[in-house]
Amino acid sequence: MSTPVTAPPALVNFTVDGRPLTAPPGTLLIDACKRAGIEIPAFCYYEGYSLQAACRMCLVEVEKMPKLQTACTLPVSEGMIVRSETEQIAKARKGTLEFLLTNHPLDCPVCDKGGECELQDMVFRYGAGESRFTEIKNHAPERQWSPVVFYDPARCILCYRCVRACNEGMGVGALGVTNRGVVSEIVPNKVDHLDCDECGACIDICPVGALTSNTYRYKTRPWEMQHVGTVCTHCSNGCKTTLGVRNDEIVRGNNRDRSGINGEFLCVKGRYGFDFTANEQRLTSPMIRLNGRLEAVSWSKALGFVAEKFKSVLAAGGRFGVAAGTHLTNEEIYYLAKFTRAGLKSSNIDHQRTGDVVTLIDALGGRQDVLATVEDLYNTKAALVIGSDLSQQHPLLAFQLRADARHHQAKIYTVTPGPVREANYSASSLEAPAGEEFAALDKLTESLKAEKELVILFGDAIKGDRVRQLVAWADGLGIPVKYVCLVDYSNSRGAVDLGATPNLLPGYQPDPAPGLSLDQILNAADLAVFWAVGANPLRGRELAAKQAFVVAQTMFLDETAQRADVVFPSASAYEKNGTVTNVTGQVQRLKAAIRTMGTKTDLEIIGLIAKEMGLATVAGVWTHDAVFKEIHKNVHGYQVPLPLLITGMAAMTQPVNGGVKVDVRVDEIRSAGDTLFTSGELGRYSKLLTSVPEYPGALYKR
Amino acid sequence: MTFSQATEKKLQDIWSRYPEGRKRSAVIPMLMYAQDEVGQVTPEMIAEVARRCEVTPLQVEEVVGYYSMLNKERMGKHHVQICTNIACLLTGGEELWQHAVKRLGIGHKQVTADGLISLEEVECAGACSWAPCVVDGYEYHHHVTIEKLDQLLDSIQKKVQ
């Protein structure tokens, strides 16, 4: 054992309720107590945001200090003797609560927050059941600020949490406090409505029921729901979202337990964009085209029909083309790729590619530990964003960088084709038209050489040889650099990792007999079968093979389904078990929250087609855990620690170390450019997302 | 939004007193000067001050909402503030207030029909040693009695005639 070079900082010794404790100097008493398991109540204090010291709930007794002290603003000091629960403190807290209750309505029986309200809990603990206040309560009517946010001023206790969450956490600053004293209230940035991200962070963070969401208000009580922790299916960031389910209906999404890589963060899609699952346009029965019209048929009939057709095409040596969805689970992608190659004897399988992960992994050959995790973005000393409006396209990654800049003074650099929100706090934000990024990067070289480390996040502007150029440039900086290749969708990364590309088998092993890419499939005039699994490649595009037999597995009657000969109604990600891999390569577990009658998971549909074709043994068992076991065993990089996954955490994959010499077909890699309010094929079926005034939004506007 | 040369000079002067990154500290004095010229705080003024002080309009809005001397409604040509806080209360501030209300027929933060005078009941104008006090615009009147208040209001009203 070698001696550490720098001595650890001396800890401060202090006593709370007779328990000797230690904490690093500068730690706030409320934090130090929390770490020791001593809860000091507070409304305004919130970990991660600036101090407000407005609520007076965290008062504690400190020896030799004449008055009660606010634990949220008091740093621990040597020899400090603190008492956190005494008669005097209880009296003070009771007094504070009595004051809060002078105007707070006692509508708990109908309030959304009832049952999980911090004010309720505090009154339960400290009393103030009777009031000396006999005047009429100050009341103001409830207001709707957006299709998402409602504000009830009477319930507001002015803790400023929402204001800080919006200013600091989101970097939006859409909420403020106006007026003074008893008539103070929260105001939105546009006088009577909001112009913001509609993320609902203010609603979740509200300790009382002052801010409520349109999707959840007056719908149910917290204790009547089941809470299912799964992964948001809208973008590639992989935020954990806890869905509140009642009677097989999702009524709420949040992540108040701070589990997962995103802590409490969610954007409007993760919190409210779940409503597509209940859209009345959901398909609930298989359909076969009869006399030019899609007619509902039984599962067995549709499966048998497809299997017969597939078998005859296979026997005749016809060409298959498979489009894999980027919202499928890892298991479904792996299983589909395996069945296509082994069962249908074809490598014509591809997905909509949105970032050049393949070239990055090849270019990084010989390096260890160079792919950044979501956590790295919060801890890195410097980060560089190239060609992405991060706050719009990758809201969690942007949130991490914002928090890193706020808490760790990290330096953020951006090179983008237009203005981005990161410019508000970045060390340098350069605008460069697409294609001219490297000229801008050269201007940053000197400043970046002075950094201790760097994480580079790059979008679809950097692909093919430009990825190699970027890596070579970053090597020249002489500092440790990690990378994130930005891709768009919830399992875009899994699709490329697990074989849904025509020239790569799972684990980036080159396919000895490469197949057709998605563009080539769509343009192949002699295609006999086109099979779209959870994908809609025919949106705005034509299938060149007019005679092709088209099978679509989909939730909605989208453009591909409209062209299809057979349509299978598939389950959404919120109705599936399995795993997905996020933009940084972290695997997380999906947990089915609801079931929609008439649908089956894509895994089951593929498995049943294989079975009908008599190829069940080739494809293998179609349960998610059996397939995952196979991935875990066989796919390079997916030997992740299972306890992490089982407990709902994220496990980092370690893809191969270079040597992926395949043609990446650069022209087929393009980001869909989704904003905060659009979500590929899903967004248009979410009534909430399409109802906000900010919809559809635009990139590079602020 | 543009201001008169005199006001613009005042705004520039106050703005230049604060270092880079701390321009937000100039929000209150800038609003005061701008209000003096325009007669009230307008949305355009809020946007302009926000732009100059590098804050969001909402943050300026918060300041305007908080401070009672910043008025979004147009006040009278003479804004008369009468203190009824403790020192003035004990020396007749409340009577002064009642007298002014009765004489002018207007209440707190209201304006006479001719737009000449507005009244405001204020909490401590910082002149307790000379209580009771009445402030007309920026002009202080000390040890005010009902007669002195009448003289003040007379002189304001006479000036116009």
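Residues numbered from 1 in each chain as written. Chains lettered and ligands numbered in written order. Predicted model: local features only at pLDDT ≥ 70, side-chain atom pairs only at ≥ 80, totals over all residues.

Draft legend 1. View of the sheet that holds strand E4 (residues 69-70) of chain A. Residue and element names in this part refer to chain A. A sheet is described by the order of its strands in space; here five strands give the open sequence E2-E1-E5-E3-E4, paired in mixed fashion. Two strands bound the open sheet, and with one partner strand each, they are strand E2 (19-23) and E4. The pairing of strand E1 (residues 12-16) with E2 spans five bridges and is antiparallel. For Thr15, the partnering residue across the bridge sits in E2 and is Pro20. (Pairing = 2+ DSSP bridges. Helix = DSSP H or I, 4+ residues; strand = E, 2+ residues; numbered from the N terminus.)

Draft legend 2. The arrangement of the packing of helix H2 (residues 27-38) of chain B against helix H3 (residues 43-53) of chain B in detail. All names here are of chain B. It is the contact of H2 with H3, at a shortest axis distance of 10 Å, that shows an interaxial angle of 145 degrees. Note on packing geometry: the crossing formed by H2 with H3 is right-handed. Where H2 abuts H3, its residues Val27, Met30, Leu31, Ala34 and Val38 lie against Met45, Val49, Arg52 and Cys53. Tallied by class, residues from the contact of H2 with H3 come to eight nonpolar, no polar and one charged. (Axes fitted to C-alpha atoms, helices over the stretch in contact; angles between N-to-C directions. Left-handed = near helix turned anticlockwise from the far one by under 90°. Contact = placed C-beta atoms within 7 Å. Nonpolar A, V, L, I, M, F, W, Y, C, P; charged D, E, K, R; others polar.)

Draft legend 3. Seen up close, the domain arrangement of chain A. All names here are of chain A. When cut into domains, chain A gives domain 1 (12-85), domain 2 (102-278), domain 3 (287-351 + 506-671) and domain 4 (357-486). Using C-alpha coordinates to define each centre, domain 3 is positioned 32 Å away from domain 4. If you look at the interface, domain 3 gives 19 residues, while domain 4 gives 18 residues. Residues of the side of domain 3 that touches domain 4, tallied by class, amount to ten nonpolar, seven polar and two charged. (Domains from an automatic or database assignment.)

Draft legend 4. Representation of the packing of helix H1 (residues 5-16) of chain B against H2(B) in the model. Residues and elements named next belong to chain B. At a minimum axis separation of 9 Å, H1 and H2 run at an interaxial angle of 175 degrees. In terms of orientation, H1 lies roughly antiparallel with respect to H2. Here Thr7, Lys10, Leu11, Ile14 and Trp15 of H1 lie close against H2, whose contacting residues are Pro29, Met30, Tyr33, Ala34 and Glu37. (Parallel < 35°, antiparallel > 145°, perpendicular 65-115°, else oblique.)

Draft legend 5. Region of interest: the pairing of strand E12 (residues 240-246) of chain A. All names here are of chain A. Most of E12 sits out of view: six of its seven residues are buried. In the sheet, strand E11 (residues 226-231) pairs with E12 via six bridges, with the strands oriented antiparallel. Across the sheet, the residue bridging to Thr230 is Thr241, located in E12. For E12 and strand E13 (residues 249-254), the ladder comprises five bridges, and the chain directions are antiparallel. Counted as the bridge partner of Leu243 is Gly253 from E13. In this structure, the hairpin formed by E12 and E13 is closed by a connection of two residues, where Asn247 is found at a positive phi of approximately 50 degrees. (Buried ≥ 20, exposed ≤ 12 C-beta atoms within 10 Å, placed from the backbone.)

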